[in-house]
Amino acid sequence: MRGTTTENDRPHGMPCVGPDHRERLIAQIVRDFMAAYGLARRIGVELRAGTLEFATVERLVGDSPRSLLFRLKEDCHSLFRDPGSRRNDEPQAAELFDLAVGALFHEAMKFRESYYLYTAYGPRARRSLEESPSGPLAQGFRRLFDAGYRRMLESEAETEELFRETREQL
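Residues numbered from 1 in each chain as written. Predicted model: local features only at pLDDT ≥ 70, side-chain atom pairs only at ≥ 80, totals over all residues. Heavy atoms only, no water.

Caption draft 1: Examining the pattern of salt bridges more closely. The tally for this structure, following the rule as stated, stands at ten salt bridges. When the shortest N-O distance is used, the salt bridge between Asp32 and Arg71 registers 3.7 Å. Placement of Asp32 in helix 1 (residues 18-49) and of Arg71 in helix 3 (residues 68-81) is noted, with a sequence separation of 39 residues between them. No difference in accessibility class separates Asp32 from Arg71, as the two residues are buried. Notably, a salt bridge pairs Glu156 with Arg48, separated by 3.2 Å at the nearest N-O pair. Of this pair, Glu156 sits in helix 5 (residues 136-169) while Arg48 sits in helix 1, and the two are 108 residues apart along the sequence. Several salt bridges converge on common partners, so that one network encompasses Arg48, Glu156, Glu160, Glu161 and Arg164. (Salt bridge = Lys/Arg side-chain N within 4 Å of Asp/Glu carboxyl O. Helix = DSSP H or I, 4+ residues; strand = E, 2+ residues; numbered from the N terminus. Buried < 20%, exposed > 50% of the residue type's maximum accessible area, 1.4 Å probe, protein only.)

Caption draft 2: Representation of helix 4 (residues 92-131) within the structure. Look at helix 4: 57 Å from first C-alpha to last across 40 residues, which is about the 58 Å you get at 1.5 Å a residue. Along helix 4, the sharpest change in direction is near 50° and occurs at Gly122; proline Pro123 comes one to four residues later. (Expected span 1.5 Å × (residues − 1). Bend = angle between axes of the 7 residues up to and from the residue.)

Caption draft 3: Focus on the environment of Met109. Mapped onto the elements of the fold, Met109 is located in helix 4. With a relative accessible area of 14%, Met109 lands in the buried category. Through-space distance from the C-alpha of Met109 to that of Leu69 is 9.5 Å; in sequence the pair is 40 residues apart. Ignoring sequence-local partners within four residues, the contact set of Met109 consists of Val61, Gly62 and Asp63. (Contact = heavy atoms within 4.5 Å.)

Caption draft 4: Local environment of empty space enclosed by the protein. Within this structure, the stated rule accounts for one cavity of 30 Å³ or more. Approximately 80 Å³ is the volume attributed to the largest cavity. Along its surface, the largest cavity is lined by Ala40, Ile43, Leu60, Ala108, Phe111, Glu156, Thr159 and Glu160. Breaking the lining of the largest cavity down by element, the ones donating at least two residues are helix 1, helix 4 and helix 5. Its residues assigned to classes, the lining of the largest cavity shows five nonpolar, one polar and two charged. (1 Å grid on protein atoms, 1.4 Å probe; cavity = no way out; pocket = protein on both sides within 12 Å on 5 of 7 lines; lining within 4 Å. Points joined across faces, edges and corners; volume = space filled by probe spheres on them. Nonpolar A, V, L, I, M, F, W, Y, C, P; charged D, E, K, R; others polar.)

Caption draft 5: Just the nonpolar core, in detail. With 32 residues, the main nonpolar core has Leu60, Val61, Leu69, Phe111 and Phe163 as its most contacted residues. Residue assignment for this core shows that the elements contributing at least two residues are helix 1, helix 2 (54-60), helix 3, helix 4 and helix 5. Leave out the neighbours within four places in its chain, and Phe111 touches Ile43, Leu47, Leu52, Val57, Met152, Ser155 and Glu156. (Core = buried A, V, L, I, M, F, W, Y, C linked by side-chain atoms within 4.5 Å.)

Caption draft 6: Layout of the confidence of the model for the protein chain. Here the protein chain shows a mean pLDDT of 83. Residues at 70 or above account for 84%. Confidence, read as mean pLDDT per element, is least for helix 4 in the protein chain (88) and greatest for helix 2 (97). Contacts of residues 1-10 to residues separated by more than four positions or lying in other chains number 13 contacts, the stretch itself having pLDDT below 50. (pLDDT = per-residue confidence, 0-100.)

Caption draft 7: Quick peek at the layout of surface pockets. Estimates place the volume of the second largest pocket at around 170 Å³. In terms of lining, the second largest pocket is formed by Ala120, Tyr121, Arg124, Ala125, Ser128, Leu129, Leu137, Ala138, Phe141 and Phe145. Of all the elements in the fold, those that place two or more residues in the lining of the second largest pocket are helix 4 and helix 5. The element contributing the most residues to the lining of the second largest pocket is helix 4, with six residues. Here the residues of the lining of the second largest pocket are counted per class, giving eight nonpolar, one polar and one charged.

Caption draft 8: Geometry of the environment of Ala40. Looking at the element boundaries, Ala40 is found in helix 1. Among the residues examined, Ala40 registers a relative accessible area of 8% and is labelled buried. Leaving out residues up to four positions away in the same chain, Ala40 has contacts with Leu60 and Phe163.

Pasting the structure below:
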């Protein structure tokens, strides 16, 4: 129909209009959440196996609609924070779900950045430290990479736990 906007026409982050759009957006949120949950579990398995690739992490979380958590966060904000699309009878659980998705996005971004530091800079830094193992800069890099590695593992574990808890809320 002329003048009718479909979900696919709606830019991410823009409010949906009408009950049909709202229902489609809810279905998309559920689909994206479950896909993100599955991908996060896969990332944990591959991280522990030493086979994780950064491209897999980027599919889960990034700064563009290509990442599942970015889209999920934007769609949740659109559905739950836009006064025009929110219904008065919506339970507080919906608001809590929106907040949980935002927290998931930010915790996964912390993991992403730590993983990038560890995989992109780590090998080169380790080679340099083997050649020049002493001095304040070498000690600083060791501390930085050791702390970054711990943060990466903590963020992955926190993301996985938050996904489980949020799935129960969903």
